[in-house]
Amino acid sequence: MKKSVILGVATVAGLAAGAAAAGTVDDVKARGKLNCGVTTGLVGFAAPDANGEWQGFDVSLCRAVAAAVLGDANAVEFVPTTGKTRFTALASGEIDMLARNTTWTFSRDVDLKFEFVGVNYYDGQGFMVPKALGVSSAKELDGATVCIQTGTTTELNLADFFRSNNISYEPVPIETNAEAQQQYLAGACDVYTTDASGLAATRATFENPGDHVLLPEIISKEPLGPLVRHGDHEWGDVVRWTLNALISAEELGVTSANIDELSGGAGDNPEVNRLLGTEGTLGEMLGLDADWAAKAIKAGGNYGEVFAKNIGEETPIGLARGLNAQWTEGGLLYSPPFR
C-alpha cells in the first residue's frame, strides 16, 4: 500500500504548488463535491459493495470530510488510485485529498511536498503464507518467492529484512492488491507481504481464509493517514480536524446514538459542546458551519464506531484495536484538544 515516487521530485512539487494555490476549501464548496483518492479496492478499507457504493474505513473519512464541508456525506467522488498514480493525482489537483493506506514518511512529507494531517491507522508490514507451507516465522522463508507491489516502501522493507537475516528471496512484482491476491492464490508466489491490516483484509475475502496464516513478524512502522498538498493550510486544517473530531468523539463518549441529544445542548461537558458547535466559534475559525464536526460524526459515527463496523473484531477482517485504541486504553490514538 505504500508506494514510492514515480515522478521526479521537482515535477511533483511543481504540480503541488500550482494546485494548492487555488484554495481547496473554496474549490470543493464551488464544485459541491469532494474528490477523494482511495485504493483500487481493499475490502474493509475502500471497495465498492454489491451495489457499487464505496464502503470502508478510509471511505468513511472521505465521507466525514464531505459532511463537514458540504453538509452531505454522499457528496464524494471516489477516485481509485494505484501506487503509481496516487501521488500524481494529488499533486495535480485531480483529487482534493488522499485516503489510501499511505504511510507517512520523511520523503513524502518533505520532498514530495505533501502534508500528512494525522494518522488514522497505526500499522506494520507483515507476511501471509499458505498454512500448507509449514512455516511459522518469516525467518524460515529463505529462497521463497514473494508477491510484492513494486516501487514501494514495502519492497524496501522486505529487502532490508531479508538482508539483515542473511536469507534470500525471489520477488514477484505486482501492481494492485487484486493482482497480488490472484497471483498468491494461483501459487505464483509463496508469500504475500504488505501492511498487516491489508493482509487481514485480503485473507478475509478468500474462500478458505483458515488455509492461510499471518506470520508473527512485523518488520516496520507504517503510520497510515490522509494527506493533502503542501501550501494549502486552510484545507489541511479542515481534513486534520475532521479526523481529530472522530477521534475525540470516541474519547468524549459522543456516538451516533447520542449525538442529536448532545447537539441540542444537553451535554454538560464544555469540550463536547465546543466539538459539536453549541459553544465557541471553532467552526468559524475553519470557515465552516458551527456544527461541522457534528455533521462529520453523524456521517459514520465516531472513530471507534467506524473501526468496529469496517475492520473490527466482529467483521470478517477481525482486527483488534491494538495500537489504534485510545490513549486512555493503552493505544496511540490521541487528538489535540478542541479548545
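Below: a short report on this structure.

Rules used in this analysis
Residues numbered from 1 in each chain as written. Predicted model: local features only at pLDDT ≥ 70, side-chain atom pairs only at ≥ 80, totals over all residues. Heavy atoms only, no water. Salt bridge = Lys/Arg side-chain N within 4 Å of Asp/Glu carboxyl O. Helix = DSSP H or I, 4+ residues; strand = E, 2+ residues; numbered from the N terminus. Buried < 20%, exposed > 50% of the residue type's maximum accessible area, 1.4 Å probe, protein only. Arc of directions from axis to C-beta. Contact = heavy atoms within 4.5 Å. Phe/Tyr/Trp six-rings, centres within 6.5 Å; stacked < 30°, edge-to-face > 60°. 1 Å grid on protein atoms, 1.4 Å probe; cavity = no way out; pocket = protein on both sides within 12 Å on 5 of 7 lines; lining within 4 Å. Points joined across faces, edges and corners; volume = space filled by probe spheres on them. Nonpolar A, V, L, I, M, F, W, Y, C, P; charged D, E, K, R; others polar.

## Re the pattern of salt bridges
- Taken as a whole, this structure holds 9 salt bridges when the rule is applied.
- Put simply, E175 and K84 hold a salt bridge, and the shortest N to O gap is 3.2 Å. In this pair, E175 sits in the loop between strand 10 (169–174) and helix 7 (177–185) while K84 sits in the loop between strand 4 (76–81) and helix 4 (86–92), placing the two residues 91 residues apart along the sequence.
- Taking the relative accessible area as the measure of exposure, E175 reaches 32% and is therefore partly exposed.
- Look at K84 and you get partly exposed, because its relative accessible area is 41%.
- R240 serves as the salt-bridge partner of E115, at 2.6 Å between the closest nitrogen and oxygen. Taken together, the residues E115 in strand 6 (residues 114–116) and R240 in helix 9 (residues 233–252) connect sequence positions 125 residues apart.
- Accessibility expressed as a relative area gives 16% for E115, which makes it buried.
- In this structure, a network of salt bridges that share partners links the residues E115, D237 and R240.

## Quick word on helix 7
- Considered for burial, the residues of helix 7 that qualify are N177, A180 and Y184. Buried residues along helix 7 cover an arc of 55° about the axis, so they all sit on one side. With respect to the buried face of helix 7, the exposed residues turned more than 90 degrees away are A178 and Q182.
- Of the surrounding elements, those touching the buried residues of helix 7 are strand 8 (125–130), strand 9 (144–149), strand 10, strand 11 (191–195), helix 8 (196–204) and strand 12 (212–214).
- Positioned one or two residues after helix 7, G187 has a phi angle of 85°, which is positive.

## Some thoughts on the packing of aromatic side chains
- Counted according to the given criterion, the structure contains 17 aromatic pairs.
- Here the aromatic rings of F45 and Y121 are separated by 5.9 Å at their centres, their planes lie at 85°, and the arrangement is edge-to-face. Of this pair, F45 sits in the loop between strand 1 (34–39) and strand 2 (47–48) while Y121 is found in strand 7 (residues 121–123), placing the two residues 76 residues apart along the sequence.
- According to the relative accessible area criterion, F45 is buried, its value standing at 0%.
- When its relative accessible area of 6% is taken as the criterion, Y121 is described as buried.

## A short note on the layout of surface pockets
- Space inside the largest pocket adds up to approximately 160 Å³.
- Around the largest pocket, the lining comprises 13 residues; the ones closest to its centre are Y121, Y122, D123, A320 and N324.
- Among the elements of the structure, strand 7 and helix 8 are those that each provide at least two residues to the lining of the largest pocket.
- Ranked by the residues each element gives to the lining of the largest pocket, the list is headed by strand 7, at 3 residues.
- Class assignment of the residues belonging to the lining of the largest pocket gives a composition of 7 nonpolar, 4 polar and 2 charged.

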